[in-house]
Amino acid sequence: MKTFLLPTKESGPTDDLSGAEIEVEKPEDDDQAALPCVLVFNSSDPSGAGGLAADALAIASVGAHMLPVVTGAYARDTAEIFDHFPFDEEAVSEQARTVLEDVEVQLIKVGFAGTPENLSEIAEIASDYPEVPVVAYMPNLSWWEEDKIEAYLDAFRELVLPQTTVLVGNHSTLWRWLLPDWSGDRPPTARDVARAAGEQGVPYTLVTGLVLPDQFFDNVLASPQTVLASEKYERLEAVFSGAGDTLSATLSALLAAGTDLVAATTESLSYMDRCLDAGFRPGMGHVVPDRLFWAQPEDEDSEPDAEEASDFALPPHETRH
């Protein structure tokens, strides 16, 4: 593991960093305002692998409160996405603005918004709250129609990236989106991707899944000027769904709680790795991260005796139709 800490405010300016700072306004220290709040734009995922379900579990697990704004719904199982049904932009805007008038938000997280129109509304809302950091996650959209992908990526680049504080995405996804004309003999580095994002106004980019020798992946936090942190993990054999939502949601919650960017990144990657390591297969498709791994009994061999277990058994469902 290699970690490069961001300089403190006392250390003065440096040419290595973009100069952007993430300043999170913490809630008042009292019993009624104990949890930082994260406004999340994302779609509903009925499989529970990603989307708002992943966001909710990950954000709650690290001690923040999620304000979910539903941008649409997937038709999917644990193996693949078949379709997506977006909300119209007015419904998305009304959800967000109504809760923003009531609750002080420490951070905005942008997941899959479904349409360019929804992205436009999200960008407008973010611009109305310039003091609130934005974490934007770009998922793999290869399941979608080509014309919809192109329109969505164009809108995200033009509207959301200028508002984004930290961009999160898989190396392959970000490379093909931000560097479509890359012609080098080697794949672009995380800094190459961060530079491309920086041209759109993004100060920090977290690039995941960079392939390394010997079955390892690297995950790199970079600015256009330098690498800030890197974490290497061994590749797991299973195929997972929902890792990106888990990581970006965890990062959002930690930043909202006031954790500095480098520490929040390393903690988020560690949490995601443990979620994947404890993953389970609820259906016939991919493995789903267990975001509540920490709540499982430590001794897996210990089982309640039959008499104890029967006390909590549900009565049979005898309804007749």
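Structure: above.
The structure reproduced in this document is the subject of the present report. (Residues numbered from 1 in each chain as written. Predicted model: local features only at pLDDT ≥ 70, side-chain atom pairs only at ≥ 80, totals over all residues. Heavy atoms only, no water.)

### Overview of the overall build of the protein chain
Our working rule: Numbering of helices and strands runs from the N terminus, with a helix taken as a DSSP run of H or I at least four residues long and a strand as a DSSP run of E at least two residues long. Relative accessible area decides the class of each residue, using a 1.4 Å probe on protein chains only: under 20% of the type maximum gives buried, over 50% gives exposed, and in between gives partly exposed. We call two residues in contact whenever any of their non-hydrogen atoms come within 4.5 Å of each other.
What the protein chain contains, in helices and strands, is 9 helices and 10 strands. Relative to its 321 residues, the protein chain shows a buried fraction of 45%. Of the contacts made within the protein chain by residues no fewer than 6 positions apart, 67% connect residues no fewer than 24 positions apart.

### Observations regarding the packing of helix α5 (residues 171-178) against helix α6 (residues 190-198)
Describing two packed helices takes the angle between their axes plus the distance from one axis to the other. Applicable threshold: Geometry is summarised by axes, namely lines fitted to C-alpha atoms with helices restricted to the contacting stretch, and by angles between N-to-C directions that run from 0 to 180 degrees. An angle below 35 degrees is treated as roughly parallel, one above 145 as roughly antiparallel, one from 65 to 115 as roughly perpendicular, and anything else as oblique. We call a crossing left-handed when the near helix sits turned anticlockwise from the far one by less than a right angle, and right-handed when that turn is clockwise. Classification convention: Asp, Glu, Lys, Arg as charged; Ala, Val, Leu, Ile, Met, Phe, Trp, Tyr, Cys, Pro as nonpolar; all other residues, Gly among them, as polar.
Between α5 and α6, the least distance of the axes is 10 Å, while the angle of their chain directions is 45 degrees. As the angle between them shows, α5 and α6 are arranged oblique. The handedness of the crossing between α5 and α6 is left-handed. Here α5 contributes His 171, Leu 174 and Leu 178 to the contact with α6, which in turn contributes Val 193, Ala 196 and Ala 197. Among the residues making up the contact of α5 with α6, the classes are represented as 5 nonpolar, 1 polar and no charged.

### Some thoughts on the nonpolar core
The tendency in soluble globular proteins is for nonpolar side chains to be buried as a group. We count it as follows: The nonpolar core is taken to be a set of buried Ala, Val, Leu, Ile, Met, Phe, Trp, Tyr and Cys residues, with the residues joined through side-chain atoms within 4.5 Å.
Counting residues in hydrophobic clusters, the biggest one holds 48 residues, and the most contacted among them are Leu 39, Phe 41, Tyr 152, Phe 156, Leu 167 and Trp 177. In terms of residue count, the dominant contributor to this core is helix α4 (residues 146-160) (6 residues). If sequence neighbours within four positions are ignored, Leu 39 has contacts with Leu 67, Val 69, Ala 96, Val 99, Leu 100, Val 105, Leu 107, Ile 108 and Lys 109.

### Brief notes about the packing of helix α2 (residues 89-100) against helix α3 (residues 116-128)
Viewed as axis vectors pointing N to C, α2 and α3 meet at an angle of 20 degrees, and their least axial separation amounts to 8 Å. In terms of axis orientation, α2 runs roughly parallel to α3. The way α2 lies across α3 gives a crossing that is right-handed. The residues of α3 that touch α2, namely those facing Glu 89, Val 92, Ser 93, Ala 96, Arg 97 and Leu 100, are Glu 117, Asn 118, Glu 121, Glu 124, Ile 125 and Asp 128.

### Considerations on a nonpolar patch on the surface
Let me state the cut-off plainly: Two distance rules govern patches: like charges are joined within 9 Å, and nonpolar side chains (Val, Leu, Ile, Met, Phe, Trp, Tyr) within 5 Å, applied only to residues with over 30% relative accessible area and no salt bridge. Per-residue accessibility takes into account occlusion by the displayed protein chains alone, with areas from the Shrake-Rupley method and a 1.4 Å probe. A carboxyl oxygen of Asp or Glu within 4 Å of a side-chain nitrogen of Lys or Arg is what we treat as a salt bridge.
Together, Leu 57, Leu 292 and Trp 294 line one region of the surface with nonpolar side chains, adding up to about 280 Å² of accessible area. Within the secondary structure, Leu 292 sits in the loop between α8 (261-277) and α9 (306-310). Accessibility expressed as a relative area gives 31% for Leu 292, which makes it partly exposed.

### Structural notes on the environment of Phe 87
With respect to the secondary-structure elements, Phe 87 resides in the loop between β4 (81-86) and α2. The exposure class of Phe 87 is partly exposed, given its relative accessible area of 36%. A C-alpha to C-alpha distance of 8.1 Å links Phe 87 and Asn 118, two positions 31 residues apart in sequence. Apart from residues no more than four positions distant in its own chain, Phe 87 is found in contact with Val 70, Thr 71, Gly 72, Val 92, Gln 95 and Asn 118.

### Topic: the environment of Ala 190
Within the fold, Ala 190 resides in helix α6. Relative accessible area serves as the criterion here: at 5%, Ala 190 is assigned to the buried category. On a C-alpha basis, the gap between Ala 190 and Asn 219 in space is 8.6 Å, while along the polypeptide they are 29 residues apart.

### A closer look at the pairing of strand β6 (residues 134-138)
The line we're drawing: Pairing between two strands is assigned when DSSP locates at least 2 bridges connecting them.
Across the 5 residues that make up β6, a large majority, 5, are buried. The side-chain alternation of β6 yields two buried faces, one formed by Val 134, Ala 136 and Met 138 and the other by Val 135 and Tyr 137. Relative to β6, strand β5 (residues 107-110) runs parallel, the two sharing 3 bridges. Bridging from a neighbouring strand, Ile 108 pairs with Val 134 of β6.

### Quick look at the packing of aromatic side chains
Short version of the rule: Aromatic contacts are taken between Phe, Tyr and Trp rings whose centres are within 6.5 Å, Trp giving its six-membered ring; a plane angle under 30 degrees counts as stacked, one over 60 as edge-to-face, and the others as tilted. As a reminder, the over-ring test applies to NZ of lysine and CZ of arginine, requiring each to be within 6 Å of the ring centre and within 35 degrees of the ring normal.
For the coordinates displayed, the defined rule picks out 10 aromatic pairs. Ring geometry for Phe 112 and Trp 143: centres 5.9 Å apart, planes at 75 degrees, overall edge-to-face. On the criterion of sequence distance, the pair formed by Phe 112 in the loop between β5 and α3 and Trp 143 in the loop between β6 and α4 is long-range, its members being 31 residues apart. Considering the side-chain rings of Trp 144 and Tyr 152, the 5.7 Å spacing of their centres and the 75 degrees angle between planes classify their relative orientation as edge-to-face. A single burial state applies to Trp 144 and to Tyr 152, both of which are buried. Clustering of aromatic rings is evident, with ring pairs tying together Tyr 74, Phe 112, Trp 143, Trp 144, Tyr 152, Phe 156 and Trp 177. The lysine or arginine in question, Arg 176, covers the ring of Trp 175, its NZ or CZ lying 4.7 Å from the ring centre.

### Some details on the pairing of β4
With 5 bridges connecting them, strand β3 (residues 65-76) and β4 associate as antiparallel partners. Each bridged residue has a counterpart across the sheet, and for Ala 73 the counterpart in β4 is Phe 85. Between the end of β3 and the start of β4, which pair antiparallel, lie 4 residues.

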